[in-house]
Amino acid sequence: MDRPLAVGMTPLETRREVLLHVATRAEELGFSRVSLAEGWGHDAFVLLTEIALRTSRIGLATSVVNVLGRTPAQLAMAAATLDEVSGGRFRLGLGAGSPALAEGLHGRGFREPAAALGRTVREIRRLLDGERAQPLPGARGLRLAARPPHRVPIDVAALGTASTRLAGELGDAWSPFLVPRSGLKAAAAPLEEGAAAAERPRPAVNPGLPTAISDDPTHARGIASWWVGFYLTSMGPLYAAMLRRLGLGGLVDDVLAANPSPGTTIVPDSAGMLLDELVLWGEPAAARALLARWYEAGVDEPTIVLPPGRPLDELDLILESTSPLIGAGPRG
């Protein structure tokens, strides 16, 4: 496979040694980028710095950090530092986060998240480009003393209409997660609108694709069902609302009906289509075929997102099965 393919981990993966292993193995296997999401565990910038010092070629990204966890200046300084440490390999991925993160961890109110995301992206871009910060009234805005040696791309994670339009207006890439393949064009319509309104090219389309690959198809289906069931039942209403907007509400209802109590992640046969729409799953050949269909749908640099908490040999199988270097051939 000669098209760029990134690999990412969710905030639920808190084993530092696993994150470091995945990053170094991904470089060996020809992946274009490794991204770390930040939630309530490790600091993504610190870990990416460690990864930068252990690698030499692979791109690095936050995918994503939420804009309410730090000030724009802190985010800009972290991005500028990682750009320098990595030799220009870093992309800053930002998202609005969630009420649980903003209010439950950072003590910040979660109000008008798309507007907060827009303000933050604009301020970071201004600082990274050498302009002064927008200060409080009566104060003098400062510039970063350590400018990044390279232009740091800013990617915007978005699912809602307003935030996706913002990604088109301001972002270097749009990074949705759990978007259905058949609904990708409709989901990207606000992206096109935002880019047109700003009179700029449409940003790259770089979705995160949850992954469940195993030589045992039953095991693979179980992990794929976990992805869909967990995110629809335990991660707030955003994913369900997005899928309803894209015409898959009946399948969402079937999943919710199959999981009336917390702790289960069943995807009934009636909603099985969601697995192929949302997840790279199955035996290696089947998963590679699904990945090819994502490229055909128009994605630029997808990110395969590894399931958290799985044994290293299972994660290595996923990496080897999708590797741009060896994924099309036998493992070894």
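The written sequence of each chain sets the order in which its residues are numbered from 1. Selection of residues for local features in this predicted model requires a pLDDT of at least 70, selection of side-chain atom pairs for listing and counting requires 80 or more, and totals for whole chains, interfaces and linings are taken over all residues. To get the side-chain values, take all heavy atoms of the structure and skip hydrogens and water.

**Quick notes on the packing of aromatic side chains**
Okay, step 1: Geometry of aromatic contacts follows a simple scheme: Phe, Tyr and Trp rings, the Trp one being its six-membered ring, pair when their centres are within 6.5 Å, and the pair is stacked under 30 degrees between planes, edge-to-face over 60, tilted otherwise. In the structure shown here, the tally under the stated rule is nine aromatic pairs.
Okay, step 2: With a centroid separation of 5.0 Å and an interplanar angle of 15°, the aromatic rings of Trp-226 and Phe-230 are classed as stacked. Of this pair, Trp-226 and Phe-230 both sit in helix α9 (residues 217–234), four residues apart, which is roughly one turn of the helix.
Okay, step 3: Under the scheme applied here, a residue whose accessible area is under 20% of the maximum for its type counts as buried, over 50% as exposed, and between as partly exposed, the area being computed with a 1.4 Å probe on protein chains only. By relative accessible area, Phe-230 is classed as buried at 17%.
Okay, step 4: On the basis of an interplanar angle of 85° and a centroid distance of 5.4 Å, the ring pair of Tyr-231 and Tyr-239 is categorised as edge-to-face.
Okay, step 5: On the basis of relative accessible area, Tyr-239 is assigned to the buried category, the value being 14%.
Okay, step 6: Members of the aromatic cluster, connected to one another through ring pairs, are Phe-177, Trp-226, Trp-227, Phe-230, Tyr-231 and Tyr-239. To qualify as a helix, a DSSP run of H or I must reach at least 4 residues; to qualify as a strand, a run of E must reach at least 2; elements of each kind are numbered from the N terminus.

**Description of helix α14 (residues 312–322)**
Okay, step 1: Among the 11 residues in α14, nine count as buried, and that is most of the element.
Okay, step 2: Turning to α14, its buried residues number three or more, namely Glu-314, Leu-315, Asp-316, Leu-317, Ile-318, Leu-319, Glu-320, Ser-321 and Thr-322.
Okay, step 3: The secondary structure elements touched by the buried residues of α14 are β1 (6–9), α1 (16–28), β9 (208–213), α9, α13 (284–296) and β11 (303–306). Throughout, a contact is declared for two residues whenever any of their heavy atoms are within 4.5 Å.

**Here's the deal with helix α11 (residues 249–258)**
Okay, step 1: Along α11, the residues classified as buried are Gly-249, Leu-251, Val-252 and Val-255. Summarising the axial view, the buried residues of α11 lie within an arc of 160°, below the 170-degree limit, and thus occupy one face.
Okay, step 2: Those residues of α11 that are buried lie in contact with α9, α10 (238–245) and α12 (273–278). Here, the arc refers to the directions that run from the helix axis to the C-beta atoms.

**Considerations on the packing of helix α3 (residues 72–86) against helix α5 (residues 113–128)**
Okay, step 1: Viewed as axis vectors pointing N to C, α3 and α5 meet at an angle of 50°, and their least axial separation amounts to 9 Å. Between α3 and α5, the interaxial angle falls into the category oblique. Judged by the sense of rotation from one axis to the other, the crossing of α3 with α5 is right-handed. Judged by residue contacts, Pro-72, Ala-73, Leu-75, Ala-76, Ala-79 and Ala-80 of α3 engage Thr-120, Glu-123, Ile-124, Leu-127 and Leu-128 from α5.
Okay, step 2: The class makeup of the residues in the contact of α3 with α5 is nine nonpolar, one polar and one charged. To get an axis, fit a line to the C-alpha atoms, keeping to the stretch in contact for a helix; angles then go from 0 to 180 degrees between the N-to-C directions. Any angle that falls under 35 degrees is termed roughly parallel, while one over 145 is termed roughly antiparallel, one within 65 to 115 roughly perpendicular, and all others oblique. The crossing is said to be left-handed when, going from far helix to near helix, the turn is anticlockwise and less than a right angle, and right-handed when the turn is clockwise. Ten residues, namely Ala, Val, Leu, Ile, Met, Phe, Trp, Tyr, Cys and Pro, are considered nonpolar, four, namely Asp, Glu, Lys and Arg, are considered charged, and the remaining ones, Gly among them, are considered polar.

**Observations concerning the pairing of strand β2 (residues 33–36)**
Okay, step 1: What you see with β2 is no split at all: Arg-33 and Ser-35 on one side and Val-34 and Leu-36 on the other are buried throughout.
Okay, step 2: Criterion used throughout: strands pair if DSSP finds at least two bridges between them. Note: β1 against β2, four bridges, orientation parallel. Along β2, the bridge assignment pairs Val-7 with Val-34.
Okay, step 3: Handedness of a crossover is defined as follows: orient the strands so they point away from the viewer, and if the path from the first strand over the helix to the second runs clockwise, the crossover is right-handed. Following the backbone out of β1, through α1 and into the adjacent parallel β2, one traces a crossover that is right-handed.

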